[in-house]
Each structure stands twice: as structure tokens, then as C-alpha cells.
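Here are the chains, one letter per residue:
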Amino acid sequence: MALTHDQIYADLESQLTEYLVANNMRKTAERFAILDLICQQKRAFTAEQLHELIHQNYPISLATIYNSMGLFEKCGIVRKLGHAIGTQKIYYERAKRRGVHMQLICTNCGRKQDFFDKNIVETVGVHRFNNFNAANFSLYVYGQCKYCHKQKIK
């Protein structure tokens, strides 16, 4: 059963609060507004996308979004994704969304599509790495999306 937005937010709000208290940092309304927006995201997102969404209702600067993303990454709320085909933008996802991140990336147009394969997860999960305990993983498959492939056929 999928968690509701309220359940996700309550969990991450607690995690953020504990981190802020432990590090003597302020609990600002801006940080919690950004956290709420992150909890609504179903796919990978950029700081710019968050800024565009939140700026409609809340006057938060892009610099505040970037600073918050760094904080959220340190406390384990988001993780930075390691790709940028055709762009210099940095993508993030909620760290607790799934233990794994798998994505198809078109090297022609940059289109991205999430996918999940239980067999891959099981294979990596049972693999024994030399003196390394894997917590999660990301898999990026690069190639051509169906739209770019159709254009080359014509």
C-alpha cells in the first residue's frame, strides 16, 4: 500500500526536525514549505522546478531552494541523481521514495523515464560486494527513446 502525502510528510518532517535540533539550526517556515512540496513530487525534480511551483504561493528565492536542497541531502531527505544529459541541471528525488532509482535516458533529446525491475533489485540486493554494504543504488540506461527512434526510421 502506497503511503499518503500526509504520512510521507510526517515522517520527513520528523527527520528534518531532529536534524535541525541536533545541529542547532533554525526551523524556518521556508524549509518546511519546500519539504511539503518535495513530498508531493512523484518523479525526479530540479531546484528550478521546485522554485517555479512554490514561488506561485510563497516568496522563496532560488538561492533558498538550493540551500535547502543541500541541507535535505545532508539529512537524508533527498538524494542527488548523477546524470545530466544535454543539461547542466541537477536532479533530485526523495531518498525514501524507493531504495533504488532506475531510469531510461535518451541521449538524443534528454527525455527521462523511470522504470522498476524486480529482478534487477533482487540481483543487486543479494550480491555480496567486497567489504561494502550497499544501502541503495541507481541504474541509468542510456539510449534512444521511442520518439527519437521513430524519427530516424522515417
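That block above? That's the structure.
Residues numbered from 1 in each chain as written. Predicted model: local features only at pLDDT ≥ 70, side-chain atom pairs only at ≥ 80, totals over all residues. Heavy atoms only, no water.

*Asks:* What exactly am I supposed to notice about the side chain of His51 here?
*Replies:* Along the chain, His51 turns up in helix α3 (residues 47-55). One polar contact links the side chain of His51 to the main-chain carbonyl oxygen of Ile60, over a distance of 3.0 Å. Within the structure, the side chain of His51 is placed 3.5 Å from the backbone nitrogen of Leu62, a separation counted as a polar contact. Discounting residues that sit within four places of it in the chain, His51 has contacts with Ile60, Ser61, Leu62 and Ile65. (Helix = DSSP H or I, 4+ residues; strand = E, 2+ residues; numbered from the N terminus. Polar contact = N/O pair within 3.5 Å; in protein donor to acceptor, adjacent residues only side chain to side chain. Contact = heavy atoms within 4.5 Å.)

*Asks:* What exactly am I supposed to notice about the sheet that holds strand β1 (residues 45-46) here?
*Replies:* Hydrogen bonds between backbone atoms are what pair the strands of a sheet, whose relative direction is either parallel or antiparallel. The sheet built from three strands is open, its strands ordered β1-β3-β2 with antiparallel pairing. The open sheet has two free edges, formed respectively by β1 and β2 (78-81), since each of these has just one partner strand. The sheet contact formed by β2 and strand β3 (residues 91-94) spans four bridges and is antiparallel. By the bridge assignment for β3, Val78 is matched with Arg94. (Pairing = 2+ DSSP bridges.)

*Asks:* Which parts of the structure should I look at to understand helix α1 (residues 5-22)?
*Replies:* The α-helix winds at 3.6 residues per turn, so residues separated by three or four positions along the chain end up facing the same way. Taking 1.5 Å per residue, 18 residues should reach 26 Å; α1 reaches 25 Å between its end C-alpha atoms and fits that length. For α1, the complete set of buried residues consists of Ile8, Tyr9, Leu12, Gln15, Leu16 and Leu20. The buried residues of α1 all sit within an arc of 135° when viewed along its axis, so they share a single face. Every exposed residue of α1 that faces more than 90 degrees away from the buried side is listed here: Asp6, Glu18, Val21 and Ala22. (Expected span 1.5 Å × (residues − 1). Buried < 20%, exposed > 50% of the residue type's maximum accessible area, 1.4 Å probe, protein only. Arc of directions from axis to C-beta.)

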